[in-house]
Amino acid sequence: MTRFPIDEFKALQTPFYFYDLNLLDQTLNEIKRTARDTRYKVHYAIKANANPGILRRIQAAGLGVDCVSGGEIMAAVEAGFKPEQIVFAGVGKSDREIELALEKCIGCFNVESEPELHVINEIAKTMDKKANIAIRVNPNIDAHTHEYITTGLAENKFGINLEQLNEIINLVNSLDNVKLEGLHFHIGSQITETEPFVMLCQTINKLQDEYEALGIRFSTINVGGGLGIDYATPDKHPIPDFESYFKTFRNHLRLREDQQLHFELGRSVVAQCGSLITKVLYVKEGITKRFAIVDAGMTDLIRPALYNAHHKIENISNPNGEMHHYDVVGPICESSDCFGKEELLPSISRGDLLALRSAGAYGEIMASQYNCRTLPHSVFSEK
Ligand SMILES: *Cc1c(COP(=O)(O)O)cnc(C)c1O
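(A) Spotlight on the overall build of the chain. Within the chain, the regular secondary structure consists of 11 helices and 17 strands. Taken against the 2.2 N^0.38 rule, which gives 21 Å for 383 residues, the C-alpha radius of gyration of the chain at 22 Å falls within 12% of a compact globule. With respect to the three principal axes, the spread of C-alpha positions in the chain is 70 × 40 × 35 Å. Sequence separation of 24 or more characterises 71% of the internal contacts of the chain that already satisfy a separation of 6 or more.

(B) The environment of L255, seen in detail. On the secondary structure map, L255 appears in the loop between helix 9 (242–252) and strand 10 (260–265). Residue class for L255 comes out buried when judged on its relative accessible area of 16%. Among all residues touching L255, those that are not within four sequence positions of it are R39, Y40, Q260 and L261.

(C) Broad picture of the environment of E195. Position of E195 relative to the elements: it lies in helix 8 (residues 195–213). Along the chain, E195 and I141 lie 54 residues apart, while their C-alpha atoms are 11 Å from each other.

(D) Focus on the pattern of salt bridges. Going through the model one piece at a time under the given rule, you end up with 24 salt bridges. Between R96 and E103 there is a salt bridge, with its nearest N and O atoms 3.8 Å apart. Under the relative-accessibility criterion, R96 is labelled partly exposed at 47%. For E103, a relative accessible area of 44% gives the class partly exposed. Linked by salt bridges that have partners in common, D209, E212, R217, R254, R256 and D258 make up one network.

(E) The arrangement of the packing of helix 8 against helix 9 in detail. Here helix 8 crosses helix 9 at 30 degrees, and the two axes come no closer than 10 Å. Compared by their axis directions, helix 8 and helix 9 come out roughly parallel. Here the hand of the crossing between helix 8 and helix 9 comes out right-handed. Contacts between helix 8 and helix 9 pair F197, V198, C201 and N205 from the former with Y245, T248, F249 and H252 from the latter. Broken down by class, the residue content of the contact of helix 8 with helix 9 amounts to 5 nonpolar, 3 polar and no charged.

(F) The pairing of strand 14 (residues 323–329), seen in detail. Where strand 12 (residues 290–294) and strand 14 come together, 3 bridges link them in parallel fashion. Pairing of F291 across the sheet is with D327, part of strand 14. Direction of pairing for strand 14 relative to strand 15 (residues 338–346): antiparallel, over a ladder of 6 bridges. Among the inter-strand pairings, H324 is bridged to a residue of strand 15, identified as L345.

(G) Region of the structure containing the environment of P331. Positionally, P331 belongs in the loop between strand 14 and strand 15. The class for P331 is partly exposed, based on a relative accessible area of 33%. Sequence separation of P331 and V294 is 37 residues, and the distance between their C-alpha atoms is 6.8 Å. Every residue in contact with P331, bar those within four places of it in the chain, is listed here: V294, D295, A296, G297, D337 and R373.

(H) Main features of the layout of surface pockets. Taken as a whole, the largest pocket spans an internal volume of roughly 890 Å³. Lining the largest pocket are 34 residues; nearest its centre among them are K47, H186, S189, R267 and Y362. Within the residue set of the lining of the largest pocket, elements represented by two or more residues are strand 10, helix 10 (267–270) and helix 11 (303–307). Here the lining of the largest pocket is built from residues that sort into 13 nonpolar, 13 polar and 8 charged. Here the second largest pocket defines a volume of roughly 440 Å³. Lining the second largest pocket are 23 residues, with Y40, K41, V42, H43 and G64 sitting closest to its centre. Sorting the residues of the lining of the second largest pocket by element identifies helix 2 (21–34), strand 2 (40–45) and strand 10 as the ones contributing at least two each. Per-element tally for the lining of the second largest pocket: the top contributor is strand 2, with 4 residues.

The rules behind the values
- Residues numbered from 1 in each chain as written.
- Predicted model: local features only at pLDDT ≥ 70, side-chain atom pairs only at ≥ 80, totals over all residues.
- Heavy atoms only, no water.
- Helix = DSSP H or I, 4+ residues; strand = E, 2+ residues; numbered from the N terminus.
- Rg over C-alpha atoms; globule rule 2.2 N^0.38 Å.
- Contact = heavy atoms within 4.5 Å.
- Buried < 20%, exposed > 50% of the residue type's maximum accessible area, 1.4 Å probe, protein only.
- Salt bridge = Lys/Arg side-chain N within 4 Å of Asp/Glu carboxyl O.
- Axes fitted to C-alpha atoms, helices over the stretch in contact; angles between N-to-C directions.
- Parallel < 35°, antiparallel > 145°, perpendicular 65-115°, else oblique.
- Left-handed = near helix turned anticlockwise from the far one by under 90°.
- Nonpolar A, V, L, I, M, F, W, Y, C, P; charged D, E, K, R; others polar.
- Pairing = 2+ DSSP bridges.
- 1 Å grid on protein atoms, 1.4 Å probe; cavity = no way out; pocket = protein on both sides within 12 Å on 5 of 7 lines; lining within 4 Å.
- Points joined across faces, edges and corners; volume = space filled by probe spheres on them.

As structure tokens, then:
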């Protein structure tokens, strides 16, 4: 359980991200323990959090990294990840980014369209290189029962549709400067049920059988990320249930002996180790409501404004006070700049510090300078 060194916090400029590195290390150890199959390779989705202090820990734990931009490739290289441990995904890779990835000799490109494949082949040719390719497949998993799956539907900007897969595989095999490594899937994020992953396994089994019948074998299967975390009660589940996550793939995916299974986990690796610490500026008494106005806003943590997400809020200055209801709001000139409505919290006073929990993923990395604000800084539990 994360403990907040409140006396140290009082001396610091707010708002800031606090990272519990012990929890991060425990999480990484649990991933290593539960993904024990030597054919399983976990790539951390760096878009969740690219703080150098976090990246170094993840690199030291031996994970690979999944990048979606040239900037992320540079951050990964600077953090010490080996080029062959880097995969490069994304629907809109620029020529410059493709060149950079080829220069660095990254492990694999996850390709999302036919024109992209041609461009990678052309650029690789001019550089006298051969690019490893995984085709991102859109598995068309039924979204009606799983509304949180937003990326696995037939017609959206991500990936290649099943009907067009044959064509693109033949194309990869006909081009000289690309090499087909495997298939890539990613069905969505914050998935807390097993069933969508089981459905994904079934789709992959069927595809593999069909392609083997045609004499085509894949050396890697990449099942993407998406494992969800417990935002409501982070101290109950500080580490996601990686055991049952990997077990789902062990039980349902027929991996061939010589194949690697790649995972691209982002949120589940880093979300619980981070909290946004903010100071209460004012407590404003309305007619029917009481507002706690804090010095962090949607510029520091945009998930509530962007996705209607909710982060558990704690009054860490006065944890045992009398309980009252508050709307916890930020200083930005947007009504969506609100962290919680009618939050039941121990009595709040000006100067109290609040923690917005489970903010390690898609928090600091999405911060902006809207309203000419300064970016939040970061503090680690270990010096
Ligand atoms: C965002 C993303 C991930 C990571 O997703 P999480 O939900 O954070 O695990 C993995 N793969 C791809 C292709 C992504 O876009």
